[in-house]
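Architecture at a glance
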Amino acid sequence: MKKIFVTGALGQIGSELVMKMRDVYGNNNVVATDIRRVEDHEVVQSGPFEILDVTDGKKMHELAQKHKADTIIHLAALLSATAEKNPMLAWNINMGGLVNALETARSLDCKFFTPSSIGAFGPSTPKDNTPQDTIQRPTTMYGVNKVSGELLCDYYFHKFGLDTRGVRFPGLISYVTPPGGGTTDYAVDIYYEALKSGKYTSYIAKGTYMDMMYMPDALNAIIKLMEADPSKLKHRNAFNITAMSFEPEQIAAEIRKHIKDFKMDYDVDPVRQAIAESWPNSIDSTAAVEEWGFKAEYDLAKMTEDMLIKLKEKGI
Ligand code: AKB
C-alpha cells in the first residue's frame with residue numbers, strides 16, 4: 001500500500017484510521033475523502049483531503065486517479081438503525097457507494113478493503129460462537145447491504161482478480177469520533193454519560209449480548225489484513241473478528257469499578273432491540289486468527305479503563 005484512498009474519512013472509523021495510516025505510510029500517502037469538509041479536523045489538516053459523495057462514481061474515479069491511488073479503503077456507509085429508518089437511502093449509499101468504489105478499484109487496479117459487520121447475520125444464524133461460514137439471512141436493510149457487499153467483493157475477486165479483503169466488525173467503541181445511527185452505539189454513549197451525569201438509560205435491554213471491539217484493535221486488524229500474504233487467505237470477504245461479548249449489565253458493572261455510584265436504567269427502543277436480537281451473541285474469529293494472525297489486545301476491563309481516562313483527558 002503506497003497511496004491509500006479512504007472514503008468516509010471523517011466517520012467513526014475513518015477519522016482514526018486515516019491518522020494511524022498517515023503515521024505508518026506518511027501523511028501525503030493517505031488521501032482522505034468525505035461528503036463534508038470540517039476545516040479544523042485533524043484529518044483535513046494533516047494531509048490530502050477531497051470532498052466526495054460516494055454515490056458519484058465519476059468523481060470517485062477522477063479523484064482516485066488524480067491521487068494515483070493503489071489502495072481503496074471504502075468506509076462510507078449508513079449504520080443499521082439509520083438504514084432501518086430510511087431503507088432506500090441506505091440501499092443507494094451502501095450499495096451504490098460500494099459498487100462505485102469497486103469499479104474505481106477495478107479500473108485503477110487497486111487493492112480494496114471494505115468492512116462488513118455482525119449485521120450480516122440474522123435470526124436463523126447460530127447465535128453462539130457463530131462460525132465464519134454459516135447461514136446469513138439478515139432481516140435488516142443494513143444486513144442485506146452487508147451480505148450483498150460481501151458477495152459482491154468476492155465476485156470482484158473471482159471474476160476480475162481484484163484484491164478485495166474485509167472483516168465483519170462487531171460494535172466499535174472509541175473516544176475520538178462518536179458513531180451515529182448504529183445499534184451498538186449504546187456501548188459508546190454509556191461512557192460519555194457515566195462521566196457527564198453518573199447515569200445512563202439504555203435503549204438495549206438487559207441480557208442482550210453483542211460482540212464489541214475497542215477501536216485500536218479494529219485499526220490494527222484493518223492494517224494487518226491489508227498487509228497479509230494473499231496466498232494465506234482462504235476467506236476474503238469477510239472475516240469474523242471480535243474482542244469481547246457483553247450485555248448492558250456487564251459494561252455497567254465494569255464502569256462501577258471506576259465510578260462507584262454509576263446508575264443505569266432502561267428505556268428499550270423496539271427498533272434497535274429487534275435489530276440486536278437478530279444478531280449473534282458472540283462470533284468465532286478462528287479463521288481470521290489462522291489466516292492472517294488477528295489478535296485483539298483489549299477486553300472489557302482494559303477498554304473501560306482506557307475509555308474513561310481518554311474521555312476525561314478530552315474534558316468530558
Ligand atoms: C451498528 O450497530 O450498526 C454497527 C455495526 C455492528 O455494524 N456498529
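Residues numbered from 1 in each chain as written. Predicted model: local features only at pLDDT ≥ 70, side-chain atom pairs only at ≥ 80, totals over all residues. Heavy atoms only, no water.

1. What to know about empty space enclosed by the protein
Note the threshold: Only protein atoms enter the 1 Å grid used here, on which a cavity is any set of points holding a 1.4 Å probe that cannot leave and a pocket is any open set flanked by protein within 12 Å on both sides along at least five of seven lines; residues with an atom within 4 Å of a point are listed as lining. Grid points are joined across faces, edges and corners, and a volume is the space filled by probe spheres set on the points. Numbering goes from the N terminus for both helices and strands, where a helix is a DSSP run of H or I of at least four residues and a strand is a run of E of at least two.
Under the criterion given, the structure shown has 1 cavity of 30 Å³ or more. Taken as a whole, the largest cavity encloses approximately 160 Å³ of empty space. Along its surface, the largest cavity is lined by 17 residues, and L98, T114, P115, K146 and G149 are the ones closest to its centre. With 5 residues, helix α6 (residues 141-160) is the largest single contributor of residues to the lining of the largest cavity.

2. Remarks on the UniProt feature "domain: NAD-dependent epimerase/dehydratase" (unreviewed entry) in the chain
For clarity, the threshold we go by: UniProt positions are given in the numbering used here, feature names are shortened, and annotations may be inferred rather than shown by experiment.
When the UniProt feature table is mapped onto this chain, "domain: NAD-dependent epimerase/dehydratase" (unreviewed entry) is found at residues 4-241. Secondary structure content for residues 4-241 is 41% helix and 17% strand, and the end C-alpha separation is 23 Å.

3. So, the nonpolar core
Quick reminder of the rule: For our purposes a nonpolar core is just a set of buried Ala, Val, Leu, Ile, Met, Phe, Trp, Tyr and Cys residues, chained together by side-chain atoms within 4.5 Å. Remark: exposure states derive from per-residue accessible area (1.4 Å probe, protein chains only) relative to the maximum for the residue type, with buried under 20%, exposed over 50%, and partly exposed in between.
Formed by 40 residues in total, the largest nonpolar core has its most connected members in I173, Y186, Y191, F246, I251, F262 and M303. Among the elements that make up this core, the one with the highest residue count is helix α7 (residues 186-196) (8 residues). In this structure, A9, V44, I73 and L225 belong to the second largest nonpolar core, which totals 38 residues.

4. Observations regarding the sheet that holds strand β6 (residues 116-117)
Applied cut-off: Pairs of strands are assigned from DSSP output, requiring at least two bridges between the strands.
If you trace the 3 strands from one edge of the open sheet to the other, you get β6-β8-β12, paired in parallel fashion. The open sheet has two free edges, formed respectively by β6 and β12 (239-240), since each of these has just one partner strand. Bridging between strand β8 (residues 167-169) and β12 involves 2 bridges; their strand directions are parallel. Counterpart to R168 in the pairing with β12 is N240.

5. Focus on unusual backbone geometry
N237 connects to A238 through a cis peptide bond whose omega is 10°. By secondary structure assignment, the location of A238 is in the loop between α8 (215-227) and β12. Backbone geometry at K68 places phi at a positive 55°, although glycine is not the residue there. Along the chain, the position of K68 falls in the loop between α3 (57-66) and β4 (71-74). Phi is positive for N129, close to 50°, though the residue is something other than glycine. Inspection of the secondary structure assignment puts N129 in the loop between β6 and α6.

6. Things to note about the site of the ligand
Stated precisely, the cut-off is as follows: The rule for a residue being near a molecule or strand is that one of its heavy atoms must lie within 4 Å of it. Distance and chemistry together define a polar contact, namely a pair of N or O atoms within 3.5 Å, with one atom able to donate a hydrogen and the other to accept it when in protein, and with adjacent residues in sequence counting only for side-chain atoms on both sides. If over half the atoms of a molecule are within 2 Å of the grid points of a cavity or pocket, the molecule is regarded as sitting in it. The classification used treats Ala, Val, Leu, Ile, Met, Phe, Trp, Tyr, Cys and Pro as nonpolar, Asp, Glu, Lys and Arg as charged, and all other residues, Gly among them, as polar.
Contacts to the ligand come from L79, S80, S117, I118, Y142, G182, T183, T184 and W279. Between the ligand and S117 there is a distance of 2.7 Å, counted from an oxygen atom to a side-chain nitrogen or oxygen. When atom positions are compared with the pocket grids, the ligand is found to occupy the largest pocket. Its residues assigned to classes, the shell around the ligand comprises 4 nonpolar, 5 polar and no charged.

7. Considerations on the pairing of strand β1 (residues 4-7)
In plain terms, the rule: With its strands directed away from the observer, a crossover is right-handed exactly when the path from the first strand over the helix to the second travels clockwise.
Of the two faces of β1, the one carrying I4 and V6 and the one carrying F5 and T7 are both buried. Relative to strand β2 (residues 30-34), β1 runs parallel, the two sharing 3 bridges. From the neighbouring strand, V6 faces β2, where its bridge partner is A32. Between the parallel elements β1 and β2, the chain passes through helix α1 (residues 14-25) in a crossover that is right-handed. Inspection of the sheet shows β1 paired to β4 by 4 bridges, in the parallel sense. For F5, the partnering residue across the bridge sits in β4 and is I72.

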